[in-house]
Amino acid sequence: MNLRGIVAVSGRPGLFKLVGQNKVGYVLESLDEQKLKIVANISTTKLASLEDITIYGEDEELKLVDVLANIAASKNAVPDSKADGKALRSFFLEVAPGHDQEKVYASDMKKILTWYQLLKDLPLFTETPEGAEADAPKVEEKVEKKAKAAPKAKPSNAKAPTTKTSAPAKKANMTSKKGV
């Protein structure tokens, strides 16, 4: 699941795709059917990348990416985000085992299920993230290739690098154009 570039914006419902950035703020495109483009002010708007969001856990925090993958793999029907708190709590015990039941509120669960409903039909939901498992073997192959190549030996008469000592910098004399 590749959630890179998908953000939640404080004060706005739904999810947005980060398209770019300009002097004023971030250029965002909504993920719903309207495909509304907005510019979120850098200084006043808070963005939260879905890739970085975690859920409170009893032992350790749970990544949102893992919880969304568990929801997708769930055998039970995904409850509506407007379902009652008990139904949401029982569903979350299945898809997010070990979450802290005192700190994770029903409103948080509703938000996560709403995000899931937005993301489930998108092709990025089935993609693998960049730099993940698909790229790991490539890195190992490169390391093996580098290890096979013999390092070039330096000639015995090569000089060691020397540092050049220089005199301290001189102060620049700046004259003002105003009344010299």
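The structure we're discussing is the one just above.
Just so it is clear, the model here is predicted, and its values are computed rather than measured. (Residues numbered from 1 in each chain as written. Predicted model: local features only at pLDDT ≥ 70, side-chain atom pairs only at ≥ 80, totals over all residues. Heavy atoms only, no water.)

1. Points about the overall build of the protein
Here's step 1: Helix and strand counts for the protein stand at four helices and seven strands.
Here's step 2: In sequence order, the secondary structure elements of the protein are arranged as β-β-β-β-β-β-β-α-α-α-α.
Here's step 3: Of all 180 residues assigned to the protein, the portion counted as buried reaches 27%.
Here's step 4: Relative to all contacts within the protein whose residues are 6 or more apart in sequence, the contacts with residues 24 or more apart total 46%.
Here's step 5: About 13,900 Å² of surface is accessible on the protein, with carbon and sulfur atoms providing 52% of the total. (Helix = DSSP H or I, 4+ residues; strand = E, 2+ residues; numbered from the N terminus. Buried < 20%, exposed > 50% of the residue type's maximum accessible area, 1.4 Å probe, protein only. Contact = heavy atoms within 4.5 Å. Areas by Shrake-Rupley, 256 points an atom, 1.4 Å probe, with all protein chains shown as cover.)

2. Focus on the packing of helix H1 (residues 64–73) against helix H2 (residues 85–95)
Packed helices, taken two at a time, are described by the angle their axes make and the gap between the axes.
Here's step 1: Contact geometry for H1 and H2: axes closest at 9 Å, N-to-C directions at 105°. Taken as axis vectors, H1 and H2 run roughly perpendicular relative to one another. Packed against H1, whose contacting residues are Val67, Asn70 and Ile71, the element H2 presents Phe91, Phe92 and Val95 at the interface.
Here's step 2: Among the residues forming the contact of H1 with H2, the class breakdown is five nonpolar, one polar and no charged. (Axes fitted to C-alpha atoms, helices over the stretch in contact; angles between N-to-C directions. Parallel < 35°, antiparallel > 145°, perpendicular 65-115°, else oblique. Nonpolar A, V, L, I, M, F, W, Y, C, P; charged D, E, K, R; others polar.)

3. Observations regarding the pairing of strand E3 (residues 25–30)
Here's step 1: Where strand E2 (residues 16–21) meets E3, five bridges bridge the pair, whose relative direction is antiparallel. The residue bridging glutamine 21 from the neighbouring strand is tyrosine 26, located in E3.
Here's step 2: Here E3 pairs with strand E4 (residues 37–41) via five bridges, running antiparallel. Counted as the bridge partner of leucine 28 is isoleucine 38 from E4.
Here's step 3: Between E3 and E4, which pair antiparallel and follow one another directly, the connecting turn spans six residues, one of which, lysine 35, has a positive phi of 55°. (Pairing = 2+ DSSP bridges.)

4. Structural notes on the nonpolar core
Here's step 1: If you look at the biggest cluster of nonpolar residues, it comprises 28 residues, and the most contacted ones within it are Leu15, Leu50, Leu64, Leu68, Ile71, Phe92 and Leu119.
Here's step 2: Top element by residues in this core is helix H3 (residues 106–119). It accounts for six residues.
Here's step 3: Counting residues in each nonpolar core, the second largest holds six residues, with Val9, Phe16, Leu28 and Ala40 among its members. (Core = buried A, V, L, I, M, F, W, Y, C linked by side-chain atoms within 4.5 Å.)

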